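This is what each chain is made of:
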Amino acid sequence: MAKNVANKLSKGISPQQFVDTMQKNKEAFQDWGNRFEWAQEDDREFFESIANRDDLRCLILMAEWCGDVVRNVPVVFKALELTQMPVDVLIMEDHLDTMDEFLTMGGRAVPIVIIADTGGHVLGQWGPRPTHVQEVMTAFKQANPDREAADYQEKIGIARQEMGRRYGEGTAYQQVILEELRQLLASV
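An account of the accompanying structure is given in this report. Nothing here was measured: the structure is a model prediction, and the numbers come from that model.

**Remarks on the sheet that holds strand β2 (residues 87–91)**
Sheet architecture is open: four strands sit in the order β2-β1-β3-β4, paired in mixed fashion. Strands at the two margins of the open sheet, each flanked by one partner only, are β2 and β4 (122–126). Strand-to-strand twist across the sheet, computed as the mean angle between neighbouring axes with direction ignored, equals 20 degrees. Strands in contact with helix α4 (residues 67–83) are β1 (56–62), β2, β3 (112–117) and β4; relative to β1, the strand with the most contacts, it is inclined by about 165 degrees. This element, helix α8 (residues 172–186), spans β1, β3 and β4 of the sheet and lies at about 170 degrees to β4.

**Quick look at the nonpolar core**
The nonpolar side chains of a soluble globular protein tend to be buried, and buried together. The biggest cluster of nonpolar side chains holds 58 residues, and the ones touching the most others in it are F18, F29, F47, I60, F77 and M85. Broken down by element, the residue count for this core peaks at nine residues, all from α4. Setting aside anything within four residues of it in sequence, one finds M85 in contact with I50, L56, R57, C58, L80, I115 and L185.

**A closer look at helix α7 (residues 152–167)**
Its 16 residues give α7 an end-to-end C-alpha distance of 22 Å, which sits within 8% of 22 Å, the value for a rise of 1.5 Å per residue. For α7, the complete set of buried residues consists of Y152, I156, A159, M163 and Y167. The arc that holds every buried residue of α7, seen down its axis, measures 85 degrees, which confines them to one face. Opposite the buried face of α7, at more than 90 degrees from it, the exposed residues are E154, Q161 and R165.

**Quick notes on the environment of P111**
One can find P111 in the loop between α5 (96–99) and β3. For P111, a relative accessible area of 0% puts it in the buried group. A C-alpha to C-alpha distance of 5.5 Å links P111 and V69, two positions 42 residues apart in sequence.

**Notes on the packing of aromatic side chains**
Using the criterion set out here, one finds eight aromatic pairs in the structure. Aromatic pair F36 and W38: ring centres 5.1 Å apart, planes at 85 degrees, arrangement edge-to-face. For F36, a relative accessible area of 10% gives the class buried. The interplanar angle of 85 degrees and the centroid separation of 5.4 Å between the aromatic rings of F46 and F47 together place this pair among those described as edge-to-face. Overall, F46 belongs to the buried group, its relative accessible area being 15%. Linked through ring pairs, F36, W38, F46 and F47 together constitute an aromatic cluster. The lysine or arginine in question, K3, covers the ring of F102, its NZ or CZ lying 4.3 Å from the ring centre.

**As for the pairing of β3**
Regular strands show a simple pattern: their side chains alternate between the two faces of the sheet. With five of six residues buried, β3 lies mostly within the body of the structure. Alignment of β1 against β3, held across six bridges, turns out to be antiparallel. Looking across to β3, one finds that C58 is bridged to I115. Note: β3 against β4, four bridges, orientation antiparallel. When the sheet's bridge partners are listed, I114 is paired in β4 with Q125. Counting the residues in the hairpin turn of β3 and β4 gives four residues, including G120, whose phi is positive at 85 degrees.

Basis of the calculations
- Residues numbered from 1 in each chain as written.
- Predicted model: local features only at pLDDT ≥ 70, side-chain atom pairs only at ≥ 80, totals over all residues.
- Heavy atoms only, no water.
- Pairing = 2+ DSSP bridges.
- Helix = DSSP H or I, 4+ residues; strand = E, 2+ residues; numbered from the N terminus.
- Axes fitted to C-alpha atoms, helices over the stretch in contact; angles between N-to-C directions.
- Contact = heavy atoms within 4.5 Å.
- Core = buried A, V, L, I, M, F, W, Y, C linked by side-chain atoms within 4.5 Å.
- Buried < 20%, exposed > 50% of the residue type's maximum accessible area, 1.4 Å probe, protein only.
- Expected span 1.5 Å × (residues − 1).
- Arc of directions from axis to C-beta.
- Phe/Tyr/Trp six-rings, centres within 6.5 Å; stacked < 30°, edge-to-face > 60°.
- Lys NZ or Arg CZ within 6 Å of the ring centre and 35° of its normal.

What follows is the structure, given as structure tokens:
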């Protein structure tokens, strides 16, 4: 059965309300946003071209405590701002029913960017992180299904270090997010 989020459209908070009410990681979140630059003019033009469409809506499941949210969502906000599409931020803990419809390998991982039509029919999703970074967690989960294993915490720590390495120190990963969001929006 196709997913539908009609009951969540216009039920979230705005991106600005999210930033304004952040209690954790606000400075880092804003720093990643301030460091964002449009590397490719055609990317900027693509996201601006979506403003001609009034049939798309966006929901973003997220939480301010999440490192992937802090790194990735400022880029998502910048791109979606140009589309002028309505964006509702759903705080994960307040919308667990929706979160549980968008699990990543059986777990709650944020951010999840959901693109839907005006009737709430889900057209596609992105997240919780760029594909090249997510590959590490996917491989880890496949190799370590037992969360109670004695070495689970040690191994997930190693996986998280590798994810950090793949994100890199700079903002190059932000271009990857733009490419992946562009692919998603071009397909809907």
